[in-house]
Every structure is written in structure tokens, then in C-alpha cells.
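# Examination of the molecular architecture
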Amino acid sequence: MDDKERNWFISRMEDLADRADQTGYMIFSDFLDGYQLSLLRDMQRHLTTEVTFYGGYEDAERRMASFYPSFLQVQTEDFPIEALLITPKAPQFLTKAPGHRDYLGALMGLGIKREKLGDILLQEQGAVVFVSEDMASYIQEGVTSVGAAAVKVTVQDRGIAVKAPEGKRILVSLASLRLDALLSKGFAISRGDASNWIAAGKVQKNWRDCTAGDEPVREGDVITLRGMGRIKCIEEKGRSKSGRIQLMIERFS
């Protein structure tokens, strides 16, 4: 997100808050990504309304924001979000189950903007997709295949129990807490490749573009390498006898 996009986003969120304040009703944003959520959280104390976030389930990464006057109370069921279950019709004949990108590609192939889509959670059979309520019927009618699989789409009850994505925990040993070092160890690539990816603008730290290899990292940071997944820094585990930093990370592919 460049400065122009950032300023537009801030102005848009301020407009939604003002509308909620003036009308006395709840006003909802589209789904926001991690960077947008962090920007809005920074703005909260300056807004004229309360703000609550929800993405269809407790640990959602992509979430809508609800703007509302302080005399109202917002519940999760107030958010205009539908959960759709997309399942292959004949999974026994598939050589490979569709992945996250396949589901996202099928949805965006309908011309749907990314901000109308929340998290896509792979399940044992198919995937649960959280979508803006006004898109549910269109998706249900329009998505007939995902990758090579013919699929069916069904609307699920609010509060559906979902299997949230689970990462792989890895203990890495670093000479220093630098972005390029973590990228190299976390994704099992060379330090040179890590530097090239960073310089090419393919890396984000906490959903913000980062082009400095010596950018410091710490517990709680989320590092995304476009096309390969993301890493979350869980906890420093101390130092080895040689003085190297032991860092527990969780990798999501």
C-alpha cells in the first residue's frame, strides 16, 4: 500500500465512522487485511464511534470492522458475513485436492473483489469461505468448479465450527534478529535469495512492505513471502553456547 492508497483508506474509514455517528446505525466495512486492520486500530482513538472487528470465526485473519455509536452493542451475528462450504462432488476421483489458491482463483474468477472475501479455510473435505453477505447467492450459483474438481456450494449456519489453519512450529538458530536471516532460515532458502526477494518487494512484515534486509524482527511479528507463505515469530528461547539466538517460529504455507 503506497501513500495514496493509505490516505484513501484512512479517509474511507473516517467516512464510515462519521456515517455511523450521524445516523445512529451500525456501519460495516468490507473485509480488511492485516495491514488495514493495524492502521484502523491506530486510528480508533481519534474516531467518533466505537469499532469492533469480526471475520466469521474467532481467530479470523481477515475481518470486517463495525462502526457504531457508544449507545449500541454489536454482536457477531450483526456482521453481514456468510460462511459457504465448497466441496468436491467426487473427491474419490481427484489425484490432488484443491488448494487455497485454487479456491481463491475460482472466486475471483467471478469478478469478485478480494475485499468481499474473508478467510478461506481448507477442511478435511473442501473449504469453508467467509464472504460478504451480498455475495453469497452469486457465489453459490457461480462457482461450479475449483481447479479440476466439480464442486457444490452450500450456505452454513452462523457460528459454524471450522478447522483453523495450523502452522508448523520450527526452532531456528539465528546470528541476529534480522529479516533476511529469519527469511532464509524460516523458508529454507539461501541468504542471497532472501535478500533478492526482499529487494524485489516480495516480503512484508506485519502486512507492510519491507525492502530492508537488516529490518529487525521480534516476537509477534508476522513475515510474509509472496507465493511461499508466512512466518510468525512465536518466542525467543534464549541463546546457544555459541551465542546464536534460538527463535521458535510457526510457518504457514
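First, a word on what this report is: a plain description of the structure on this page. As the structure is a prediction and not an experimental result, all values here were calculated from the model.

### Structural notes on the packing of helix α5 (residues 179-187) against helix α6 (residues 191-199)
- The interhelical angle for the contact between α5 and α6, taken along N-to-C directions, is 120°, at an axis separation of 8 Å. When the axes of α5 and α6 are compared, the pair comes out oblique. The interaxial crossing formed by α5 with α6 has right-handed handedness. Listed contacts from α6 to Leu179, Asp180, Ala181, Leu183 and Ser184 of α5 are Arg191, Ala194, Ser195 and Ile198.

### A word on a negative patch on the surface
- Together, Glu14, Asp15, Asp18 and Asp21 make up a negatively charged patch on the protein surface.
- Residue position: Glu14 is located in helix α1 (residues 3-23).
- Here Glu14 falls in the partly exposed class, since its relative accessible area comes to 38%.

### Points about α5
- Buried residues dominate α5, accounting for eight of its nine residues.
- All buried positions along α5 are accounted for by Leu179, Asp180, Ala181, Leu182, Leu183, Ser184, Gly186 and Phe187.
- Packed against the buried residues of α5 are β9 (168-174), α6, β10 (203-205), β12 (222-225), β13 (229-239) and β14 (245-252).
- Looking one or two residues beyond α5, the residue adopting positive phi is Ala188, at roughly 55°.

### Some thoughts on the sheet that holds strand β2 (residues 50-54)
- Read across the open sheet, the three strands follow the order β1-β3-β2; overall the sheet is antiparallel. The open sheet is flanked by β1 (27-28) and β2, the only strands paired with a single partner.
- In this structure, β2 lies alongside strand β3 (residues 64-68), joined through five bridges in antiparallel fashion. Residue pairing across strands places Phe53 opposite Ala65, the latter belonging to β3.
- Sitting on the sheet, α1 touches β1 and β3, and the angle it makes with β3 is about 40°.
- Taken strand by strand, helix α2 (residues 34-43) contacts β2 and β3, and its axis lies near 160° from that of β2.

### As for unusual backbone geometry
- Of note, Ala188 is a non-glycine position whose phi angle comes to about 55°, a positive value.
- The topology assignment puts Ala188 in the loop between α5 and α6.
- By relative accessible area, Ala188 is classed as exposed at 68%.
- Positive phi outside glycine occurs at Asn206, with the angle close to 55°.
- Within the element layout of this structure, Asn206 appears in the loop between β10 and β11 (208-209).

### Side note on helix α3 (residues 100-108)
- Along α3, the residues that are buried comprise Tyr103, Leu104, Ala106 and Leu107. Here the buried residues of α3 occupy an arc of 160° about the axis, which is enough to place them on one side.

### Topic: the side chain of Gln246
- Among the structural elements, Gln246 can be located in strand β14.
- Looking at Gln246, the relative accessible area reads 16%, which means it is buried.
- At 3.3 Å, the side chain of Gln246 and the backbone oxygen of Arg244 are in polar contact.
- Dropping the residues within four chain positions of it, Gln246 is found in contact with Leu171, Val172, Ser173, Glu235, Glu236, Lys237, Gly238, Arg239 and Ser240.

So, how was this worked out
- Residue positions are given per chain, counting from 1 as you read along its sequence in written order.
- Where totals are concerned, whole chains, interfaces and linings use all residues; where local detail is concerned, this predicted model gives features only for residues with pLDDT of at least 70, and gives and counts side-chain atom pairs only at 80 or more.
- Hydrogens are left out, water is left out, and the side-chain values use all remaining heavy atoms of the structure.
- Axis lines are fitted through C-alpha atoms, for helices just across the contact stretch, and the angle between N-to-C directions can take any value from 0 to 180 degrees.
- Per the convention used, a helix needs a DSSP run of H or I reaching at least four residues, while a strand needs a run of E reaching at least two, with both numbered from the N terminus.
- Any angle from 65 to 115 degrees is called roughly perpendicular, while one under 35 is roughly parallel, one over 145 is roughly antiparallel, and all others are oblique.
- Two helices cross in a left-handed way if the nearer one is turned anticlockwise from the farther one by less than a right angle. They cross in a right-handed way if the turn is clockwise.
- Whether two residues are in contact is decided by their heavy atoms, any of which lying within 4.5 Å being enough.
- Patches here are clusters of residues that have more than 30% relative accessible area and form no salt bridge, with a 9 Å joining cutoff for like charges and a 5 Å cutoff for nonpolar side chains (Val, Leu, Ile, Met, Phe, Trp, Tyr).
- Residue burial considers only the protein chains on display, and all accessible areas are found by Shrake-Rupley using a 1.4 Å probe.
- We count a salt bridge whenever a side-chain nitrogen from Lys or Arg sits within 4 Å of a carboxyl oxygen from Asp or Glu.
- All tallies of charge rest on Lys and Arg as positive and Asp and Glu as negative; His and the ends of each chain are not included.
- All charge positions are set by atom: Lys at NZ, Arg at CZ, Asp at CG, Glu at CD.
- Type-normalised accessible area, obtained with a 1.4 Å probe on protein chains alone, sets the label of each residue: buried when under 20%, exposed when over 50%, and partly exposed for intermediate values.
- Being paired, for any two strands, means DSSP has found at least two bridges between them.
- The directions from the helix axis to the C-beta atoms are what the arc is built from.
- Between N or O atoms, a polar contact is any pair within 3.5 Å; within protein, one atom must be a potential hydrogen donor and the other a potential acceptor, and residues adjacent in sequence are included only when both atoms are from side chains.

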